[in-house]
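# Reading the structure
Chain by chain, the residues run as shown.
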Amino acid sequence: MNEILILSLFITTLLAFYLSNRDIAAPWTIVSALFLLSSCVAAANAEFWGFSAQPRTITVLVTAVLVFGAGQTLSAYALEKREKNISPKGVQAVRMYRPGRGIMVLVLALMLVLLAYYVRTVYLFSLEHGNTGGFGDMVYAAREAIVARYDISKAANHAGLLAKAVALVFTAIALQDFVYEGFHLRQIVYLLPFVLYVPFLIVIGERGGLIYLVEFVILAGAYFLQSRDGWTVRNSFLIAGGAVGAIVLFLLFFRVTGFLKGSGTTSSAVVYISKYSGFSIAGFDIFLDNGFPESGIFGGYTLKSLYSITNQLGLTDVNYTFTYLPFTTLIRGTDSNVYTALARYIQDYGYAGMYLVMLIAGAAYGWGWYSLRRNPDSMGGILLYAYLFFPIGFISIDDCLFGQLLTTTTVYQLIYLVIVWRVIRHFVPAVTKEWKIRR
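Position labels on residues start from 1 in each chain and follow its written sequence. Predicted model: local features are reported for residues with pLDDT of at least 70 only, side-chain atom pairs are reported and counted for 80 or more only, and whole-chain, interface and lining totals are derived from all residues. In computing side-chain properties, one takes all heavy atoms of the structure into account and sets aside hydrogens as well as water.

### Focus on the confidence of the model for the chain
Confidence along the chain averages 87 in pLDDT terms, with 90% of residues attaining 70 or more. Note on scores: pLDDT gives the predictor's confidence for each residue, bounded by 0 and 100. Numbering goes from the N terminus for both helices and strands, where a helix is a DSSP run of H or I of at least four residues and a strand is a run of E of at least two. The secondary structure element of the chain with the lowest average pLDDT is helix 5 (residues 83-86), at 47, and the one with the highest is helix 4 (residues 55-78), at 96. We call two residues in contact when some of their heavy atoms are within 4.5 Å. Within the model, the stretch residues 83-87 combines pLDDT values under 50 with 13 contacts to residues more than four positions away or in other chains. Low confidence marks residues 259-266, where pLDDT is under 50. Its contacts with residues over four positions away, or in another chain, come to 15 contacts.

### Some points on helix 19 (residues 408-427)
Under the 1.5 Å per step criterion, the end-to-end length of helix 19 is 29 Å for 20 residues, consistent within 8% with the ideal 28 Å. Of the residues making up helix 19, those classed as buried are Thr410, Gln413, Leu417, Val420, Trp421 and Ile424. Projection of helix 19 onto a plane perpendicular to its axis shows the buried side chains occupying an angular sector of 100°, all on one side. Away from the buried face of helix 19 by more than 90 degrees, exposed residues Arg422, His426 and Phe427 are located. Multiplying 1.5 Å by the residue count of a helix minus one yields the expected span of that helix. Remark: exposure states derive from per-residue accessible area (1.4 Å probe, protein chains only) relative to the maximum for the residue type, with buried under 20%, exposed over 50%, and partly exposed in between. To be clear, the arc concerns the directions from the helix axis to the C-beta atoms.

### Some thoughts on the pattern of salt bridges
What makes a salt bridge here is a side-chain nitrogen of Lys or Arg within 4 Å of a carboxyl oxygen of Asp or Glu, nothing more. Considering all chains together, one arrives at 10 salt bridges under this definition. Of the charged contacts in the structure, one is a salt bridge between Asp177 and Arg186, with a shortest N-O distance of 2.9 Å. We classify Arg186 as partly exposed; its relative accessible area is 25%. A network of salt bridges, in which partner residues are shared, links Arg98, Asp177, Glu181 and Arg186.

### Re a nonpolar patch on the surface
A grouping of Val411, Tyr412, Ile415, Ile419, Val423 and Phe427 is seen on the molecular surface, where their side chains present a nonpolar patch of about 550 Å² in accessible area. Within the secondary structure, Tyr412 is located in helix 19. For Tyr412, a relative accessible area of 37% gives the class partly exposed. Grouping into patches uses exposed residues only, defined as over 30% relative accessible area, and leaves out salt-bridged ones; the cut-off is 9 Å for like charges and 5 Å for nonpolar side chains (Val, Leu, Ile, Met, Phe, Trp, Tyr). Note on areas: these come from Shrake-Rupley sampling with a 1.4 Å probe, and a residue is covered only by the protein chains present in the view.

### A word on the layout of surface pockets
Size it by volume and the second largest pocket reaches roughly 830 Å³. Think of a 1 Å grid over the protein atoms and nothing else: a 1.4 Å probe that fits but is trapped marks a cavity, an open set flanked by protein within 12 Å on at least five of seven lines marks a pocket, and residues with an atom within 4 Å of a point count as lining. If you trace the second largest pocket, you find 28 residues lining it, with Leu175, Val217, Ile218, Gly242 and Ala246 closest to the centre. Grid points are joined across faces, edges and corners, and a volume is the space filled by probe spheres set on the points.

### Describing the packing of helix 8 (residues 154-181) against helix 11 (residues 207-229)
Relative orientation of the contacting elements helix 8 and helix 11 amounts to 35°, with a least axis distance of 9 Å. Crossing angle aside, the handedness with which helix 8 passes helix 11 is right-handed. Along its contact with helix 8, which presents Lys164, Leu168, Thr171, Ala172, Leu175, Gln176, Val179 and Tyr180, the element helix 11 presents Tyr212, Leu213, Phe216, Val217, Ala220, Gly221, Phe224, Leu225, Ser227 and Arg228. Classifying every residue of the contact of helix 8 with helix 11 by side-chain character gives 12 nonpolar, four polar and two charged. Whenever a helix is involved, its axis is fitted only over the stretch in contact; in every case the axis is a line through C-alpha atoms, and angles between N-to-C directions fall within 0 to 180 degrees. Left-handed is the label given to a crossing in which the near helix is rotated counterclockwise from the far helix by less than a right angle, and right-handed is the label when the rotation is clockwise. Charged means Asp, Glu, Lys or Arg here, nonpolar means Ala, Val, Leu, Ile, Met, Phe, Trp, Tyr, Cys or Pro, and polar covers whatever is left, Gly included.

### Looking at helix 8
Its 28 residues give helix 8 an end-to-end C-alpha distance of 40 Å, which sits within 8% of 40 Å, the value for a rise of 1.5 Å per residue. Of all 28 residues that make up helix 8, 21 are buried, and the element is covered over most of its length.

### Some words on the packing of helix 1 (residues 2-19) against helix 2 (residues 27-44)
Where helix 1 contacts helix 2, the two axes come as close as 9 Å, and the packing angle between them is 160°. The pairing of helix 1 with helix 2 is recorded here as roughly antiparallel in orientation. Here helix 1 and helix 2 pass one another in a crossing that is left-handed. Judged by residue contacts, Asn2, Leu5, Ile6, Leu9, Phe10, Thr12, Thr13, Leu15, Ala16, Phe17 and Leu19 of helix 1 engage Trp28, Thr29, Ser32, Ala33, Phe35, Leu36, Ser39, Cys40 and Ala43 from helix 2. For the contact of helix 1 with helix 2, the class distribution of residues is 14 nonpolar, six polar and no charged. By definition in this entry, angles of less than 35 degrees are roughly parallel, angles greater than 145 are roughly antiparallel, angles of 65 to 115 are roughly perpendicular, and the rest are oblique.

### Concerning the packing of aromatic side chains
Pairing of aromatic rings covers Phe, Tyr and Trp, the last through its six-membered ring, and needs centres within 6.5 Å; plane angles under 30 degrees mean stacked, over 60 mean edge-to-face, and all others mean tilted. Using the criterion set out here, one finds 22 aromatic pairs in the structure. Ring centres of Trp231 and Trp369 lie 5.6 Å apart, and the angle between their planes is 85°; on these two criteria the pair is classed as edge-to-face. Note that Trp231 is positioned in the loop between helix 11 and helix 12 (233-261) and Trp369 in helix 15 (residues 340-374), a separation of 138 residues in sequence. Residue Trp231 shares its accessibility class with Trp369, and that shared class is buried. Between Phe292 and Tyr339, the ring centres sit 5.0 Å apart and the planes meet at 70°, which makes this aromatic pair edge-to-face. Residue Phe292 is found in the loop between helix 13 (269-290) and helix 14 (304-312), and its partner Tyr339 is found in the loop between strand 3 (335-336) and helix 15; the two are separated by 47 residues along the sequence. In this structure Phe292 comes out as buried when scored by relative accessible area, which is 7%. Through a chain of ring-to-ring contacts, the aromatic side chains of Trp231, Tyr365, Trp369, Tyr385 and Phe389 assemble into a single cluster.

### Some remarks on the side chain of Ser126
Within the secondary structure, Ser126 sits in helix 6 (residues 101-128). Judged by relative accessible area, Ser126 falls into the buried class, the value being 0%.

### A look at the side chain of Ser39
Position of Ser39 relative to the elements: it lies in helix 2. Polar contacts, as counted here, are pairs of nitrogen or oxygen atoms within 3.5 Å of one another; within protein the pair requires one atom able to donate a hydrogen and one able to accept it, and residues that are adjacent in sequence qualify only if both atoms are side-chain atoms. Here Phe35 takes part through its backbone oxygen, which lies 2.8 Å from a polar atom of the side chain of Ser39. Contact partners of Ser39, with chain neighbours within four places excluded, come to Leu5, Ile6, Leu9 and Ile281.

Structural data, given as structure tokens:
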């Protein structure tokens, strides 16, 4: 049955690609490809995990992806987004931003100050939570404390959010400049805030944040490349190749940082990555038989972050506790607690609710992407879209739509992102470049 699962999702991915105007970066194409990738990893470990997909698992996965696609398609038609309308031939104009030496010195100085403060705060935080080995054990101790739901100081968290906003804005500037102008040394300088932001993630062992950065680069790069050339099929394959290359580089970096967190001493990076990228499919298969323990409140597995906000505002008085999903152990002692985002939606809202969530998500992200396709000169738009896209990147593993997007952190991050972008746009004059779409 694993072969049928892979074949079904492969056909679904081809259908998504074709119906998305052969756009590999369209949300539906990405969602289908992610479930296909996770299923392939699960199938590759089938003997080791004892995994064989049930017919019901195949049906639910495929139909959920198709419903997401229906949402995207509704948005596409509502916006009258057809290839002939969104890829006009001729000359287009784009605004490009080239920060000068003075701006870059100030930005890099800000990043270094934020980084120094953040590392110092995390180090002191780790000492408070069991770090007895100095800087060598800082990452592991800090990560364990965070997993136990202890918080670093609010000031440090905001320093990280500001640094992330700066890194994203300058990464987008560098990508646009590279796509339209070819390689120049100034692009390396523009990427330095990105490089300086990575340690913010390393010191707390935040692999998810590293995955997000890869997503952001791929999406922003895809937007600039396709906007330049008029959304061609050839570019879709270039984007796919670039995405594979970016993922390989991330896996290499993942391997190195795994030792920093202590995971590399007990299991290889390949086993670790397989476990968290493919076990979700095996876990989902088991979930459909057993479900999760009842939470006792509506949306107990998806809305706890939202309840945290509404309780603080006095709008609700929901008694809840943050708990992790139950672990499932397969043969040979392999265990994990990832079940895809669909499992949480089904547990909290039933099958009808899960399909409704997928339909709305497909419509929302489809609206955003097709709006960008229509406007090749929307730096602010791609910044917001690429930042808000991270729940889709994790959909085949776990839910981030409710668990991480509907949080005050997202609100603060959007505020910082908008402020940084507006400041840069104000102090860095735009250079208008006319570009003839390649055909």
